[in-house]
Amino acid sequence: MAQKLKTVQKAWIEHIKASNRIKKLIRGTSNIMGDYSEFLIRKLYKAEKMPNSNKSFDLKCEDGTRIQVKSRQVSIGKTDKSLNVFRSWDFDLLVVVLFWDDGSLYKVIEMKADDAKTFRTPNKHQNGFIIHTSKEFLECREANDRTAEMKKMIDEE
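Residues numbered from 1 in each chain as written. Predicted model: local features only at pLDDT ≥ 70, side-chain atom pairs only at ≥ 80, totals over all residues. Heavy atoms only, no water.

## Section: the packing of helix 2 (residues 32–45) against helix 5 (residues 147–156)
Running from N to C, helix 2 and helix 5 point in directions that differ by 95 degrees, and their axes come no closer than 11 Å. Judged on the interaxial angle alone, helix 5 and helix 2 are roughly perpendicular. Every residue of helix 5 that contacts helix 2 at L40, I41, K43 and L44 is listed here: E149, M150, M153 and I154. Here the residues of the contact of helix 2 with helix 5 are counted per class, giving 6 nonpolar, no polar and 2 charged. (Axes fitted to C-alpha atoms, helices over the stretch in contact; angles between N-to-C directions. Helix = DSSP H or I, 4+ residues; strand = E, 2+ residues; numbered from the N terminus. Parallel < 35°, antiparallel > 145°, perpendicular 65-115°, else oblique. Contact = heavy atoms within 4.5 Å. Nonpolar A, V, L, I, M, F, W, Y, C, P; charged D, E, K, R; others polar.)

Structure representation (structure tokens):
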């Protein structure tokens, strides 16, 4: 048990150091995955990050397009996850970024807010709506798959 405690403690310290480094590099919050996703999408869309106090959208493009970014970590065979709650639909595009368990990029999906609404289900506990990253959501005809562009951008950096 003592050896396991030391191993876990070492991994914990490494995790905190890495998290703090990422937060500093991208000027993030405590939501590392969300901050990293916004960082990637900001680069892909050449968008401006909105203040954290803005609850309706995360990024704004030069043409005024308002983007809400949601992200999740998924596993092979378990890609159907619920996204964080939506309390406002005052945005133009929903961009969903999914990562594999190892942190590598799985999928980037863009969808107009009105199309995304058709996949929402009420969540009374969280006082809003949720969307699941079901096969139907990820492969619907309204979804624009931007994964290849994102992977190319990451590889070129």
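The discussion continues.
## Regarding the sheet that holds strand 4 (residues 93–100)
Remark on secondary structure: sheet strands pair via backbone hydrogen bonds, oriented parallel or antiparallel. Strands sit in the order 1-2-3-4-5-8 across an open sheet of 6 strands; the sheet is mixed. In this open sheet, the two edge strands, each paired with only one partner strand, are strand 1 (48–49) and strand 8 (144–145). Pairing of strand 5 (residues 105–112) with strand 8 involves 2 bridges; the strand directions are antiparallel. Bridge pairing in strand 8 places E110 opposite N144. Those strands touched by helix 2 are strand 1, strand 2 (59–60), strand 3 (66–74), strand 4 and strand 5, and its axis lies near 130 degrees from that of strand 3. (Pairing = 2+ DSSP bridges.)

## Structural notes on the packing of aromatic side chains
Within this structure, the stated rule accounts for 6 aromatic pairs. Geometrically, the ring pair formed by F86 and W89 is stacked, given 4.7 Å between the ring centres and 5 degrees between the ring planes. Looking at F86, the relative accessible area reads 2%, which means it is buried. Here the guanidinium or amino end of K107 rests over the ring plane of Y106, the centre of that ring lying 5.5 Å away. (Phe/Tyr/Trp six-rings, centres within 6.5 Å; stacked < 30°, edge-to-face > 60°. Buried < 20%, exposed > 50% of the residue type's maximum accessible area, 1.4 Å probe, protein only. Lys NZ or Arg CZ within 6 Å of the ring centre and 35° of its normal.)

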